[in-house]
Amino acid sequence: MDFPVHPTFKKVLIFLFVFLLLAGISFALPESSKLSASSGQINSNSVLVALLDSHYTELAELVEKALLLQTLEQAVGTHNITIFAPRNEALERDLDPEFKRFLLEPGNVKSLQKLILFHVISTRVGSHEWPDPKSEVTPRQTLSHDYLHLSNHQSGERTVDHVKVVHPDSITRPDGVIHGIERLLIPHSVQDDFNRRRSLRSIAAVKPEGAPEVDPRTKKAKKPGLSPLEKPGSPPALPIFEAMAPGPVLAPASAPAPGGPHHHFDGETQVKDFIQTLLHYGGYNELADILVNLTSLATEMGRLVSEGYVLTVLAPNDEAMGKLTAEQLSEAGAPEQIMYYHMVPEYQTEESMYNAVRRFGKVRYETLRVPHKVVAEEADGSVRFGSGDGVAYLFDPDIYTDGRISVQGIDGVLFPAEEEKTVKQEVKVAKIAASKPRRGKLLEVAWRMLWSFGDISRSTTRH
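Analysis parameters
- Residues numbered from 1 in each chain as written.
- Predicted model: local features only at pLDDT ≥ 70, side-chain atom pairs only at ≥ 80, totals over all residues.
- Heavy atoms only, no water.
- Pairing = 2+ DSSP bridges.
- Helix = DSSP H or I, 4+ residues; strand = E, 2+ residues; numbered from the N terminus.
- Polar contact = N/O pair within 3.5 Å; in protein donor to acceptor, adjacent residues only side chain to side chain.
- Contact = heavy atoms within 4.5 Å.
- Salt bridge = Lys/Arg side-chain N within 4 Å of Asp/Glu carboxyl O.
- Buried < 20%, exposed > 50% of the residue type's maximum accessible area, 1.4 Å probe, protein only.
- Phe/Tyr/Trp six-rings, centres within 6.5 Å; stacked < 30°, edge-to-face > 60°.
- Axes fitted to C-alpha atoms, helices over the stretch in contact; angles between N-to-C directions.
- Parallel < 35°, antiparallel > 145°, perpendicular 65-115°, else oblique.
- Left-handed = near helix turned anticlockwise from the far one by under 90°.
- Nonpolar A, V, L, I, M, F, W, Y, C, P; charged D, E, K, R; others polar.

With respect to the sheet that holds strand β11 (residues 343-344)
Pairing is mixed in the open sheet, where seven strands are placed in the order β11-β10-β16-β15-β14-β13-β12. In this open sheet, the two edge strands, each paired with only one partner strand, are β11 and β12 (363-366). Where strand β10 (residues 311-316) and β11 come together, two bridges link them in antiparallel fashion. Paired with Val313 across the strands is Met343, a residue of β11.

Looking at the pairing of strand β15 (residues 390-401)
The pairing of strand β14 (residues 382-387) with β15 spans four bridges and is classified as antiparallel. Counted as the bridge partner of Gly386 is Val391 from β15. Connecting the antiparallel pair β14 and β15 is a turn made up of two residues, with Gly388 showing a positive phi of about 70 degrees. Bridge analysis of β15 against strand β16 (residues 405-410) gives four bridges, and the strand direction is antiparallel. Residue pairing across strands places Tyr400 opposite Val407, the latter belonging to β16. Hairpin connection, β15 to β16: the antiparallel pair is bridged by three residues, and Gly403 has positive phi, about 95 degrees.

Some points on the side chain of Thr312
For Thr312, the position within the fold is in strand β10. Within polar-contact distance, the side chain of Thr312 engages the backbone nitrogen of Gln348 at 2.8 Å. Aside from chain neighbours lying at most four places away, what touches Thr312 is His342, Met343, Val344, Glu346, Tyr347, Gln348, Ser406 and Gln408.

Notes on the side chain of Gln348
Along the chain, Gln348 falls in the loop between β11 and α16 (350-360). Side chain to side chain, Gln348 and Glu346 meet in a polar contact 2.8 Å long.

A look at the sheet that holds strand β7 (residues 176-181)
Neighbouring strands of a sheet are bound in pairs by backbone hydrogen bonds; such pairs are parallel or else antiparallel. What the seven strands build is an open sheet, ordered β2-β1-β7-β6-β5-β4-β3; its pairing is mixed. Two strands bound the open sheet, and with one partner strand each, they are β2 (120-121) and β3 (138-141). Sheet topology places strand β4 (residues 147-152) next to strand β5 (residues 158-160); three bridges connect them, and they run antiparallel. Looking at β5, one finds that Ser151 is bridged to Thr159.

Quick word on the pattern of salt bridges
One pass over the full model with this rule turns up seven salt bridges. Among the salt bridges present, the one from Lys164 reaches Glu157, with a minimum N-O distance of 4.0 Å. Of the charged contacts, one joins Lys272 and Glu268 as a salt bridge, the two residues approaching to 3.6 Å between their closest N and O atoms. Here Lys272 pairs with Glu268, and both are found in helix α10 (residues 267-281), just four residues apart, close to one helical turn. Of the two residues, Lys272 and Glu268, both sit in the exposed class.

A short note on the packing of aromatic side chains
In this structure the tally under the stated criterion is six aromatic pairs. An angle of 45 degrees between the planes, with centres 6.2 Å apart, marks the rings of Phe274 and Tyr400 as tilted. Taken together, the residues span a long stretch of sequence, with Phe274 in helix α10 and Tyr400 in strand β15 at a distance of 126 residues. A network of ring pairs unites the aromatic residues Phe99, Phe102 and Phe194 as a single cluster.

A word on the packing of α10 against helix α11 (residues 285-294)
Packing of α10 against α11 leaves a shortest axis separation of 8 Å and a crossing angle of 150 degrees. Taken as axis vectors, α10 and α11 run roughly antiparallel relative to one another. Once α10 is placed against α11, the crossing between them reads as left-handed. Contact residues: Phe274, Ile275, Leu278 and Leu279 in α10; Asn285, Leu287, Ala288, Leu291 and Val292 in α11. Residues that form the contact of α10 with α11 fall into these classes: eight nonpolar, one polar and no charged.

What follows is the structure in structure tokens.
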């Protein structure tokens, strides 16, 4: 059974429905805003994002190292902020290196956080909101709970705690503003921490110094403090020629470096990898056999690399090694001398050597076979080593490159030019020695002819 509905009643029902709907939306909006604020999410147009992407890279790096991104995100999510950003030059060159080292030490992260938060005000202060020159200095509370004093001078210059503002309103965003300042702002508490730490370091107990110690490698007195070999990545103290076998009685310690389980160069492993690479590459088995079995060069190379030296090996392929005669390899020390002449105490790649010969023409590289050098020059779009008949071309570039050992395959065995001259001189001496008996024989024949002629003349006078 249908009941008639009065039009006024319909209007009341519609009004109640709309009212309840709007009330639900109004109650839901604060809830969502609270959730978004508590989550600390910021949009891409935030002043914090602009700081991280701005040219104030040094300050942005300090913010990341101080682990303050989440703190600043929460601050931006609740209210506008003002950031006073020092120039990059002020943090790179103008800042005391000892103070910067103090800030970046892991144990001083609290001081770094307080320093960064000292540059942030929890309200928005644009250039037009700066205090009037005639008014008193206005203190503003920072996120570090200290106070900054903003002042405006008659000349139009704006300062923050006597630090000049060089770029007012450098970056403006809806949730904040960044002003560029001339140098870093340092709160008194951070300055006191630094002075206290420095004074404690200066009054620390000093060990008594004894008699000077002599370094058996350099034959000089050791300098106080860490030796150069103890600094990561530093070059060895000795030239590579003095560190070669037999070398000093006391071998230098391994140089510290980023790689390896003990932060040292692992020369033995690197040499093993390089020889294994030769075997897998193919065509260099003879060279690997000489390095491992015929000589002890692999062990010596591992020791040199462990001490921080670098090597470039000019590796002859099997075809070139097969041309060596048994006499050339059977002489005492001959295999070692041949290999030493193919080792350059530099780290060179195919690109670096080709660029060098393209630029300078002929390049002479020192080798471990002192004092001989190997000559390199450009030829046919490649690098040619040696001169005269004993030349070799760069055949297989960059067979092995690990930053300490570089292996470049060549198609010939190299010999010093002095050896070729010595061989030629020996040949000439042999020819001269062989011609001396011939000259004596001719003299003897001439003398006999003269003697026989004398006998004939005497016999004619008798008759």
